[in-house]
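# Report on the structure
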Amino acid sequence: PIYADDLHPSSGHMHAVMHSDSTVIESEHREDCLKRASNYVEVTRLSNGEINIENQYNFGVQTPGPGVYDLPLDKKPVMLISHSLGEGKSIDPSLVRGTGNHARAHPLYSGWNVMAMLSLRLVNGENGIYYCSNWTTPANCHDMSFLSGLVCAHAVGAKYPFEHKREAKKDFNRLRDLMGI
């Protein structure tokens, strides 16, 4: 498969820093973004002429969990994941909570990848081997990747956990058909 990081103009795009430093968002947009936005993206030209695409994922507006989920938006903690900071930007090290690497996590929606994904239906289940993940489903979305795992788990005997959800069950069966399982 061909992945987003094969073609992304910035080499740091797939390396993530999880932090609480809101200063990475431009001051004129900061308050609105922290209250209402799930993503903040800046596209800039680096001093070497290359394009940089900086992405901030704002998990503060969508944070589940005890003690956080029910808080009013203005009380939720700043929870950001930053990719590919622009030149001159930095994150306060005392506000860093962790790091991650998303390399090979985002396949492109391309003819080649769709062909590879559809070809898996020819071998899925052979010799008891099932393939699930982001590159086994069309369009590279998290919910489909998760659902592909449920499809494969069901194929080896696990019970489908959302049997009572009619629309979810339709999606499950559609993906089972698409995956050849």
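The rules behind the values
- Residues numbered from 1 in each chain as written.
- Predicted model: local features only at pLDDT ≥ 70, side-chain atom pairs only at ≥ 80, totals over all residues.
- Heavy atoms only, no water.
- Helix = DSSP H or I, 4+ residues; strand = E, 2+ residues; numbered from the N terminus.
- Buried < 20%, exposed > 50% of the residue type's maximum accessible area, 1.4 Å probe, protein only.
- Contact = heavy atoms within 4.5 Å.
- Areas by Shrake-Rupley, 256 points an atom, 1.4 Å probe, with all protein chains shown as cover.
- pLDDT = per-residue confidence, 0-100.
- Pairing = 2+ DSSP bridges.
- Axes fitted to C-alpha atoms, helices over the stretch in contact; angles between N-to-C directions.
- Polar contact = N/O pair within 3.5 Å; in protein donor to acceptor, adjacent residues only side chain to side chain.
- Core = buried A, V, L, I, M, F, W, Y, C linked by side-chain atoms within 4.5 Å.
- Salt bridge = Lys/Arg side-chain N within 4 Å of Asp/Glu carboxyl O.
- Parallel < 35°, antiparallel > 145°, perpendicular 65-115°, else oblique.
- Nonpolar A, V, L, I, M, F, W, Y, C, P; charged D, E, K, R; others polar.

Helices and strands together make up the secondary structure of the chain, namely five helices and five strands. Taking all 181 residues of the chain together, 30% fall into the buried category. Look at the contacts in the chain between residues 6 or more apart in sequence, and 62% of them connect residues 24 or more apart. For the chain, the exposed surface amounts to about 11000 Å²; the carbon and sulfur share of it is 56%.

Right, let's talk about the confidence of the model for the chain for a bit. On average, residues of the chain score 85 in pLDDT, and 90% of them are at 70 or above. Helix H5 (residues 166-179) holds the highest mean pLDDT among the elements of the chain, 94, whereas helix H1 (residues 4-7) holds the lowest, 73.

A separate point is the sheet that holds strand E2 (residues 39-45). Overall, antiparallel pairing links the five strands, which are arranged E2-E3-E4-E1-E5 in an open sheet. Looking along the sheet, the strands with just one partner apiece sit at the ends: E2 and strand E5 (96-101). Averaged over neighbouring strand pairs, the angle between their axes works out to 20 degrees when direction is ignored. The sheet contact formed by strand E1 (residues 15-19) and strand E4 (residues 80-83) spans four bridges and is antiparallel. Pairing of Met18 across the sheet is with Ile81, part of E4.

With that settled, consider the side chain of His83. The residue His83 is located in strand E4 in this model. The exposure class of His83 is buried, given its relative accessible area of 2%. From its side chain, His83 meets the backbone oxygen of His15 in a polar contact 3.5 Å long.

The next thing to look at is the nonpolar core. Among the nonpolar cores identified, the biggest contains eight residues, and these are Leu147, Leu150, Val151, Cys152, Tyr160, Phe172, Leu175 and Met179. Only helix H4 (142-155) and H5 provide two or more residues apiece to this core. In terms of residues, this core owes the most to one element, H4, which gives four residues. If you look at the next biggest cluster of nonpolar residues, it comprises seven residues, including Ile25, Cys33, Tyr40 and Leu80.

Once that is clear, we can look at the pattern of salt bridges. Considering all chains together, one arrives at seven salt bridges under this definition. One salt bridge in this structure joins Glu26 and Lys89, with 3.9 Å as the shortest N-O distance. Here Lys89 lies in the loop between E4 and E5 and Glu26 lies in the loop between E1 and helix H2 (27-36), a separation of 63 residues in the sequence. Through salt bridges that share partners, Glu26, Glu42, Glu54 and Lys89 make up one connected network.

This paragraph deals with the side chain of Ser84. Looking at the element boundaries, Ser84 is found in the loop between E4 and E5. A distance of 2.7 Å separates the side chain of Ser84 from the side chain of Asn52, its partner in a polar contact.

Next up on the list: the packing of H4 against H5. At their nearest, the axes of H4 and H5 sit 10 Å apart, and the two run at 75 degrees to each other. On the basis of their axis angle, the class for H4 and H5 is roughly perpendicular. Where H4 abuts H5, its residues Met144, Leu147, Ser148, Leu150, Val151, Cys152 and His154 lie against Asp171, Phe172, Leu175, Arg176 and Met179. Grouping the constituent residues of the contact of H4 with H5 by class yields eight nonpolar, two polar and two charged.

Here E2 pairs with strand E3 (residues 51-58) via seven bridges, running antiparallel. The residue of E3 that forms the bridge with Arg45 is Ile51. Where E3 meets E4, four bridges bridge the pair, whose relative direction is antiparallel. Residue pairing in the sheet places Gln56 in a bridge with Ser82 of E4.

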